[in-house]
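As a plain string of letters, each chain reads:
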Amino acid sequence: FPVTIRKRYAGDNRLISDLQIGHKTPTTDSNVISQRMKHLVGRVLKIVSLHRKAGPISRLNLFLLGDIVHNERVGRTIDLSELEETVSDQMFKHAVPILVNAIRGLEPHFRSVHIYTVAGNHGNMGKFHAKTTNMDDVVYRFLQQQFRGWNKVQFHTSYDSFYQIAQIYGWKFFLMHGDKIPMHLNLPWYGITTLLS
């Protein structure tokens, strides 16, 4: 699930999206995701150590792009047999500890860690809740609380918007989950221009 974006500056970017904790399949559950995240941390540190042979990397940028939890809307986003945990357990038993451990594992190796967040569609609670109520944002708020007072860890949130633009060493990164973009002829370009115009 991680995708790497690499640019020429003294930083490194990592994208994490669609963990969908709480969705159980024949090959994936919360324990598998936890192990994958530990593996990801190790791979990031190995790649960064290789890049540091060419130049310093002092800053890590983590892009958390939503669908961290899967939700429990049975019949809408999930079949009952695929539901591993209720949404509260998805968040507090799994998602928050998994992400906290990942950030703690990465933080000592950088001068600063910047975490940029946007919400996904699986965190949406449905038509009987406010559109701004999203379980991904709840996870992000608890992450912020966990790292309150950690000077090296900074959060950049987008609780009032479905996207944000991260400006990093002169580069702009447009961050969003993607569910808000309407498709036309299976292409997103027209949907992006009309949505943002």
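Please read all numbers here as calculations on a predicted model, not as lab measurements.

Visitor: Sorry, what's going on with the overall build of the chain here?
Guide: Each helix and strand in the chain was counted, giving 4 helices and 7 strands. In the chain, 71% of the contacts between residues at least 6 apart in sequence involve partners at least 24 apart. If you sum the accessible surface of the chain, you get close to 10900 Å²; carbon and sulfur atoms cover 54% of it.

Visitor: What should I look at first to understand helix α2 (residues 87–106) in this one?
Guide: In an α-helix, one turn spans 3.6 residues, which is why side chains three or four residues apart end up on the same side. Here α2 spans 27 Å end to end across 20 residues, near enough to the 28 Å set by a 1.5 Å rise per residue. Residue A95 marks the point of greatest curvature in α2, where the axis turns by about 35°; the proline P97 follows within four residues. Among all positions of α2, only V87, Q90, M91, H94, A95, V96, I98, L99, V100, A102, I103 and L106 are buried. Buried residues in α2 make contact with α1 (30–51), β3 (59–64), β4 (112–117), α3 (135–146) and β5 (153–156).

Visitor: Where do I start with the side chain of D67 in this structure?
Guide: Residue position: D67 is located in the loop between β3 and α2. Separated by 3.1 Å, the side chain of D67 and the backbone nitrogen of N121 make a polar contact. Leaving out residues up to four positions away in the same chain, D67 has contacts with D18, L19, Q20, G120, N121, H122, G123, D136 and H177.

Visitor: Help me out: how do you make sense of the nonpolar core in this one?
Guide: The nonpolar side chains of soluble globular proteins are, as a tendency, buried together. Of all hydrophobic cores here, the largest spans 36 residues; its most connected members are L19, M37, L99, I115, V139 and L143. Looking at this core, the elements with two or more residues in it are α1, β3, α2, β4, α3 and β5. Residue contributions to this core peak at 10 residues, all from α2. Setting aside residues up to four positions removed in sequence, V139 forms contacts with I68, V69, M91, A95, V96 and L99. Grouped together as the second largest cluster of nonpolar side chains are 9 residues, F63, L65, F173 and L175 included.

Visitor: Just checking my understanding: could you explain the packing of aromatic side chains for this structure?
Guide: Remark: the centre distance and the inter-plane angle together describe each pair of aromatic rings, the angle taken between the planes. Applying the stated criterion to the full structure yields 6 aromatic pairs. Between F63 and Y116 the ring centres are 5.6 Å apart and the planes differ by 80°, which places this aromatic pair in the edge-to-face class. Note that F63 is positioned in strand β3 and Y116 in strand β4, a separation of 53 residues in sequence. There is no split in this pair, since F63 and Y116 are both buried. The side chain of R52 reaches across the aromatic face of F110, ending 5.0 Å from its centre. For the cation-ring pair, R141 lies above Y159, with the distance from its terminal atom to the ring centre recorded as 3.9 Å.

Visitor: Looking at this structure, how should I read the environment of R111?
Guide: Among the secondary structure elements, R111 is positioned in the loop between α2 and β4. For the pair R111 and S58, spaced 53 residues apart in sequence, the C-alpha separation works out to 5.2 Å. The contact partners of R111, leaving out residues within four places of it in the chain, are S58 and K152.

Visitor: Please explain the environment of E84 as it appears in this structure.
Guide: Mapped onto the secondary structure, E84 falls in the loop between β3 and α2. Given the relative accessible area of 24%, E84 is considered partly exposed. Distance from E84 to K24, taken between C-alpha atoms, is 5.4 Å for residues 60 residues apart in sequence. Leave out the neighbours within four places in its chain, and E84 touches G22, K24, D29 and S30.

Analysis parameters
Residues numbered from 1 in each chain as written. Predicted model: local features only at pLDDT ≥ 70, side-chain atom pairs only at ≥ 80, totals over all residues. Heavy atoms only, no water. Helix = DSSP H or I, 4+ residues; strand = E, 2+ residues; numbered from the N terminus. Contact = heavy atoms within 4.5 Å. Areas by Shrake-Rupley, 256 points an atom, 1.4 Å probe, with all protein chains shown as cover. Expected span 1.5 Å × (residues − 1). Bend = angle between axes of the 7 residues up to and from the residue. Buried < 20%, exposed > 50% of the residue type's maximum accessible area, 1.4 Å probe, protein only. Polar contact = N/O pair within 3.5 Å; in protein donor to acceptor, adjacent residues only side chain to side chain. Core = buried A, V, L, I, M, F, W, Y, C linked by side-chain atoms within 4.5 Å. Phe/Tyr/Trp six-rings, centres within 6.5 Å; stacked < 30°, edge-to-face > 60°. Lys NZ or Arg CZ within 6 Å of the ring centre and 35° of its normal.

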